[in-house]
Amino acid sequence: MTTTTPSPTRKAAPGALTPLGLFTLLLGTALPTIDFFIVNVALPTIEHDLHAPPATLEMVVAGYAVAYAVLLVLGGRLGDGFGRRRLFLWGVAGFGLTSLACGLAPGAWWLVAARVAQGAASAALLPQVLATLHATTSGERRARVVALYGSVGGVSVVLGQVLGGVLVAADLAGTGWRAVFLVNVPVAIAALVCALRAVPDSRAERPARGDLAGTALLAATLIALLLPLAEGRATGWPLWSVLLLCAAPLLAAAFYAVERRGERAGGSPLLPPSLLTAPQVRRGLLLGLPVFIGFAGWMFVSAVTLQQGLGYGALRAGLTLVPMGVAQFAASMLAPRAVRRFGGRAVALAAAVHIAGLATVAGTALLGPWPHLSPLLLAPGLVLCGVGQGLELPLYYRILLAAIPARLAGTGSGLAATLQQSGLAVGVATLGSLFLSLAPGLGMREALAVVLAVQAAGLAGLGWLGLRLPRMPG
């Protein structure tokens, strides 16, 4: 696979990716993901301090998630055209400023608006990370840095939960929940300084023209899908949420038709249908669905179970997940070696280990001293889940990126991240709603076991797909 070269006015190839540049890009990866989850721990104190009703509180989470997912492909496209380093810098700066706005919010709706803007900033910076890694590395080094990218994304979820609990409990200088946003500001400043020094620039060889119709239709499709999934449960599934969900497939069909017509006419569609119809790309996207839907459902259900079912505080609940995060990071470093040894079957191996972890957690809950389970008793199952997840995430990115032409690195990176964010929303809406509907009748322990069984079924499908993958190069 060739690497992306700069536009014709810039003859030099992309600069080498130094260790400092790699660290800065990975820091940019961690910021949006940590912030997606760190706020969950702070919601009760935000509700008390700002007198926010439940629906508004949900918008603090949903506004960020929807803006983030809706603009990811556009962010990747802009990076292809204007330079990925430039978009990364804009995104980091915007993330720092919007974090400051969140931390200083005088009211609930100010916070909602700032969170929407923060999601847009995240969508500008994140696709540039994967696209830059794609454009400035190759071979074995690319496999290693993509594994790091996947591990940082997964570990950031756990880190967000833990860091949120620590900051809220510490109440630094009386800032309370505001610290979970204000802590981003010095980190963003440091990332900006490092990026100016060490992040190499790259862009598509022939920057594509704008696609206003495609951009609008993709945004409408994702909003129609994700907004009701994020807000519907909190608002009792009102009529507008049902209508939007019904409109989502129609908008998606319209988006595909517009993009196909534009590509056939020699235009520059936002998301070229030829990219989506490539068997390798479809296979990569299909592999991601059970991973991200299951992961989001797991994080939601585990948070509720630990805090409401087992009576853990926010900090103890976050610390309980630390063994999973450590195992996930360690396993992600082994992903390239697993590919060299097992090829495509590494996906099936990851799914099998993950299923074993879910079964261990379910067995511990059903057979252990509920509701007096200690974090130590839960640790073996969590470690196995972490190993499975640590292999799955880098394998997903590796398989999908290998199928995307270098000239579309930004677009492909936006597509990969969009599927991830959409899967997170769908996972919470489906597995989370299933858990909450079963818990009053069956009990939280039994509801947990049912949801873990459903997640395991999805992972069994992932394993089956892994066995059918063609051999991957080491």
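Worth saying up front: this structure is predicted, and the values here are computed from it rather than measured. (Residues numbered from 1 in each chain as written. Predicted model: local features only at pLDDT ≥ 70, side-chain atom pairs only at ≥ 80, totals over all residues. Heavy atoms only, no water.)

Participant: Can you explain the overall build of the chain? Please cite residues and give values.
Facilitator: Counting its secondary structure elements, the chain contains 17 helices and 0 strands. Here the C-alpha atoms of the chain give a radius of gyration of 21 Å, agreeing with the 23 Å that 2.2 N^0.38 yields for 474 residues. With respect to the three principal axes, the spread of C-alpha positions in the chain is 65 × 55 × 45 Å. Taking all 474 residues of the chain together, the buried fraction comes to 55%. Contacts in the chain between residues at least 24 apart in sequence constitute 84% of all its contacts with a sequence separation of at least 6. Side chains of the chain carry 31 positive and 15 negative charges; the gap between the two charge centres is 13 Å. (Helix = DSSP H or I, 4+ residues; strand = E, 2+ residues; numbered from the N terminus. Rg over C-alpha atoms; globule rule 2.2 N^0.38 Å. Buried < 20%, exposed > 50% of the residue type's maximum accessible area, 1.4 Å probe, protein only. Contact = heavy atoms within 4.5 Å. Lys, Arg positive; Asp, Glu negative; His and termini not counted. Charge placed at Lys NZ, Arg CZ, Asp CG, Glu CD.)

Participant: Could you give me a rundown of empty space enclosed by the protein, with the residues and numbers involved?
Facilitator: Counting across every chain of the model gives 5 cavities of 30 Å³ or more. In this model, the second largest cavity occupies a volume close to 120 Å³. Along the walls of the second largest cavity sit 14 residues, with Trp298, Thr305, Leu306, Val361 and Leu378 positioned nearest its centre. At the level of secondary structure, the elements contributing two or more residues to the lining of the second largest cavity comprise helix 11 (279-309), helix 14 (345-367) and helix 15 (375-402). Ranked by residue count, the leading element in the lining of the second largest cavity is helix 11, at 4 residues. When the residues that make up the lining of the second largest cavity are grouped by side-chain class, the tally is 11 nonpolar, 3 polar and no charged. (1 Å grid on protein atoms, 1.4 Å probe; cavity = no way out; pocket = protein on both sides within 12 Å on 5 of 7 lines; lining within 4 Å. Points joined across faces, edges and corners; volume = space filled by probe spheres on them. Nonpolar A, V, L, I, M, F, W, Y, C, P; charged D, E, K, R; others polar.)

Participant: Summarise the packing of aromatic side chains; cite the residues concerned and give the values.
Facilitator: Ring pairs (aromatic) are described by centroid distance and by the angle formed between their planes. Summed over all chains, the structure comprises 3 aromatic pairs. Relative to Tyr396, the ring of Phe292 has its centre 5.0 Å away and its plane inclined at 85°; by these criteria the two rings are edge-to-face. With a gap of 104 residues between them, Phe292 in helix 11 and Tyr396 in helix 15 connect regions that are remote in the sequence. Comparing Phe292 with Tyr396 shows no difference in burial state: the two are buried. Sitting over the ring of Tyr64, Arg115 keeps its end group 4.3 Å from the ring centre. (Phe/Tyr/Trp six-rings, centres within 6.5 Å; stacked < 30°, edge-to-face > 60°. Lys NZ or Arg CZ within 6 Å of the ring centre and 35° of its normal.)

Participant: Mind laying out a nonpolar patch on the surface, listing which residues take part and the relevant values?
Facilitator: Together, Val166, Leu315, Leu319, Val322 and Val326 make up a nonpolar patch on the protein surface, roughly 370 Å² of accessible area in all. Within the residue set of the nonpolar patch, elements represented by two or more residues are helix 12 (314-320) and helix 13 (322-342). Mapped onto the elements, Leu319 comes out in helix 12. (Patch = residues over 30% accessible without salt bridge, like charges linked within 9 Å, V, L, I, M, F, W, Y side chains within 5 Å. Areas by Shrake-Rupley, 256 points an atom, 1.4 Å probe, with all protein chains shown as cover. Salt bridge = Lys/Arg side-chain N within 4 Å of Asp/Glu carboxyl O.)

Participant: Any chance you could break down the side chain of Asn184 for me, citing the residues and the numbers?
Facilitator: Along the polypeptide, Asn184 turns up in helix 7 (residues 184-198). Classification of Asn184 by relative accessible area gives buried; the value is 5%. A distance of 2.6 Å separates a polar atom in the side chain of Asn184 from a polar atom in the side chain of Asp35. The contacts of Asn184, once residues within four sequence positions are left out, are Leu31, Asp35, Phe95, Ser99 and Gln118. (Polar contact = N/O pair within 3.5 Å; in protein donor to acceptor, adjacent residues only side chain to side chain.)

Participant: Pulling in residues and values, what's your account of the nonpolar core?
Facilitator: Ile46 and Leu111 are the most contacted members of the largest nonpolar core, which totals 133 residues. When residues of this core are assigned to their parent elements, the largest contribution, 14 residues, is made by helix 1 (residues 19-50). Residues in contact with Leu111, not counting those within four places in the same chain, are Ile46, Leu50, Val60, Cys102, Ala105, Trp177 and Phe181. (Core = buried A, V, L, I, M, F, W, Y, C linked by side-chain atoms within 4.5 Å.)

Participant: Please set out the layout of surface pockets residue by residue, giving values where relevant.
Facilitator: Estimated volume of the largest pocket: approximately 980 Å³. Every residue lining the largest pocket is counted, 33 residues in all, and those nearest its centre are Asn40, Leu43, Glu58, Arg233 and Phe300. Listed by contribution, the elements that provide at least two residues to the lining of the largest pocket are helix 1, helix 2 (54-82), helix 8 (212-231), helix 11 and helix 16 (409-442). Quantified by volume, the second largest pocket comes out at close to 590 Å³. In terms of lining, the second largest pocket is formed by 23 residues, of which the most central are Leu222, Leu285, Leu415, Thr418 and Leu419. Mapped by element, the contributors of at least two residues to the lining of the second largest pocket are helix 8, helix 9 (239-264), helix 11 and helix 16. Here the lining of the second largest pocket takes 6 residues from helix 16, the largest share from any one element. The residue makeup of the lining of the second largest pocket, split by class, is 18 nonpolar, 4 polar and 1 charged.

Participant: Give me the lowdown on the confidence of the model for the chain, citing residues and values where you can.
Facilitator: Considering every residue of the chain, the mean pLDDT works out to 82; 92% of them sit at 70 or more. A low-confidence stretch, residues 1-13 stays under pLDDT 50, and its non-local contacts, those more than four residues away or across chains, total 35 contacts. (pLDDT = per-residue confidence, 0-100.)

Participant: Describe in detail the pattern of salt bridges, supporting the description with residues and values.
Facilitator: A complete count under the given rule lists 3 salt bridges for this structure. Across the pair Arg115 and Asp35 runs a salt bridge, and its minimum N-O distance is 3.0 Å. Linking Arg115 in helix 4 (residues 108-136) with Asp35 in helix 1, this pair joins segments that are 80 residues apart in sequence. According to the relative accessible area criterion, Arg115 is buried, its value standing at 0%. Residue classification places Asp35 among the buried residues on the basis of a relative accessible area of 0%.

Participant: Got a sec to walk through the packing of helix 14 against helix 15? Specific residues and values, please.
Facilitator: Packing of helix 14 against helix 15 leaves a shortest axis separation of 8 Å and a crossing angle of 155°. Viewed along their axes, helix 14 and helix 15 adopt a mutual orientation that is roughly antiparallel. In the packing of helix 14 onto helix 15, the handedness of the crossing is left-handed. Here the contact of helix 14 with helix 15 is composed, by residue class, of 18 nonpolar, 7 polar and 1 charged. (Axes fitted to C-alpha atoms, helices over the stretch in contact; angles between N-to-C directions. Parallel < 35°, antiparallel > 145°, perpendicular 65-115°, else oblique. Left-handed = near helix turned anticlockwise from the far one by under 90°.)

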